[in-house]
Amino acid sequence: MHLLGETLQETFTRKGITRRDFMKFCGVMASALALPKSTADLIARALESPKRLPVIWLELQDCAGCSEAFLRTPTPTVGELVLDVLSVDYHETIMAASGHAAEAAKQASMAAGGYILVVEGAISTADDGGYCCIAGKSSMDIIQEAAKNAVAIVAIGTCATFGGIPKAAPNPTSAVGVMDVIRDKPIINLPGCPVNPVNLSATIVHYLTFNRLPEVDKLLRPLFAYGAKIHDNCERRGHFDAGEFVRQWGDEGHRKGWCLYQMGCKGPVTFHNCPTVRYNNGTSWPVASGHPCIGCSEPGFWEMKTYEPITLYEFAPPEQFPSVEKPSREINPAAVAISGTAIGFITGAAGAIAYNALTNRSGHQKPEIETEEAEKSDHSDHT
Ligand code: FSX
Ligand code: SF4
Ligand code: F3S
């Protein structure tokens, strides 16, 4: 955090962050936002502005993993640089003040208005919200009060966006996401269990640079981070196309880094930039470490049967993917070649649109479990 009255440059100098580090960070943000490299200068100018953006950060029904993910990012690549350009007036997990002093700080910020509201965790609605109370107020009252004077709301993690784990069956607290209760404010959803701090930083940087939130899809997710499926950018995709699947933990295919579809990978139905941004300063991501994607950024992911393969027939015509029923050595090489060529065409840069159409991408297809949820809520007023 910065000291009051200190310019950003002074903060960086005090922390030993060089101009070169800072410009590198701006370049990473431009690339995460899928903007030209030249935007890095624009980002730098916006971040150097002496005006700091006030933030109120709420933590409701969750595991605190989103805060942890953000705070544990390696300095100064992501989190700390963004925290330096924000004025985080209230974050009860990390603020020094507690009790009445903390509540007074929040009330003062809410009265002043003009802040970004970051929400982590789901909202409990059962029994008058009695299952999640802070300072004697239910999570429902807390979010409604804090949303009132916010300029925008950033819901982080799958709990705050779609209800996440608290909403998993039988959902005893009737947990819901922010967009289910707040409908008159700009909301951006950054799902993931937990949120990827790079996506949170990039969203804040976008807001600071362009004075608006990035473009979003029907589920209010920014396209720069959730515009493509895991499967479209997965490093194991070549093995999927060749019909080379891991069949058992530790088998030869697993040791060789083959496709994890048969082990339950939800990459073909999950929209997230994990393969390109990765976690822990770009070190790794679930599939790279040998575990199938569990679709943690999709609505209802906890109900998606983690280790059971999804039915691809629901998402693409059978002739567009290799046989997933037989061990790869039994697959006719000619058939694989034909299938591989077809997939190669479909998933190549030029064929991306064709593939998206085949998989009903334009309608933002989701696993069966989510369809009902999506139908229940009409969020068109947010888009
Ligand atoms: Fe939820 Fe955040 Fe999952 Fe945890 O706090 S998105 S339970 S990893 O991290 O809200
Ligand atoms: Fe990667 Fe999973 Fe797709 Fe296989 S099914 S290519 S492991 S995303
Ligand atoms: Fe989650 Fe799958 Fe990415 S499990 S972290 S969406 S690879």
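Every value quoted in this text rests on a predicted model; they were computed, and no experiment measured them.

(A) Expanded view of the pairing of strand E3 (residues 115-120). Within E3, 6 of the 6 residues are buried, leaving the element largely enclosed by the surrounding structure. Neither face of E3 is exposed, since Tyr115, Leu117 and Val119 on one face and Ile116, Val118 and Glu120 on the opposite face are all buried. The sheet contact formed by strand E1 (residues 53-59) and E3 spans 5 bridges and is parallel. Following the sheet pairing, Val55 is matched in E3 by Ile116. Two strands pair when backbone bridges link them, and E3 and strand E7 (residues 150-156) are joined in this way by 6 bridges, in the parallel orientation. Among the inter-strand pairings, Val118 is bridged to a residue of E7, identified as Val154.

(B) Looking closely at the packing of aromatic side chains. For the coordinates displayed, the defined rule picks out 6 aromatic pairs. Seen from their ring centres, Trp249 and Tyr307 are 5.9 Å apart, and the 90° between their planes marks the pair as edge-to-face. Pair noted here: Trp249 is in the loop between helix H12 (237-241) and helix H13 (252-255) and Tyr307 is in the loop between helix H14 (274-277) and helix H15 (333-347), with a separation of 58 residues, a long-range link. Classification of Trp249 by relative accessible area gives partly exposed; the value is 44%. You can call Tyr307 partly exposed: its relative accessible area is 49%. For the pair Phe301 and Trp302, a centre-to-centre distance of 5.4 Å together with 80° between the ring planes defines the contact as edge-to-face. In this structure, Lys106 is placed above the aromatic ring of Tyr90, and the distance from its NZ or CZ to the ring centre is 4.9 Å.

(C) Looking closely at the site of ligand 3. Near ligand 3, the surroundings consist of Ile230, Thr270, His272, Cys274, Tyr279, Trp285, Pro286, Cys293, Ile294, Gly295, Cys296 and Ser297. Residues belonging to the shell around ligand 3 are distributed by class as follows: 8 nonpolar, 4 polar and no charged.

(D) Summary view of the side chain of Asp217. Note on placement: Asp217 falls in the loop between helix H9 (197-210) and helix H10 (223-226). Separated by 2.9 Å, the side chain of Asp217 and the backbone nitrogen of Leu219 make a polar contact.

Calculation rules
- Residues numbered from 1 in each chain as written.
- Chains lettered and ligands numbered in written order.
- Predicted model: local features only at pLDDT ≥ 70, side-chain atom pairs only at ≥ 80, totals over all residues.
- Heavy atoms only, no water.
- Buried < 20%, exposed > 50% of the residue type's maximum accessible area, 1.4 Å probe, protein only.
- Helix = DSSP H or I, 4+ residues; strand = E, 2+ residues; numbered from the N terminus.
- Pairing = 2+ DSSP bridges.
- Phe/Tyr/Trp six-rings, centres within 6.5 Å; stacked < 30°, edge-to-face > 60°.
- Lys NZ or Arg CZ within 6 Å of the ring centre and 35° of its normal.
- Near = heavy atom within 4 Å.
- Nonpolar A, V, L, I, M, F, W, Y, C, P; charged D, E, K, R; others polar.
- Polar contact = N/O pair within 3.5 Å; in protein donor to acceptor, adjacent residues only side chain to side chain.

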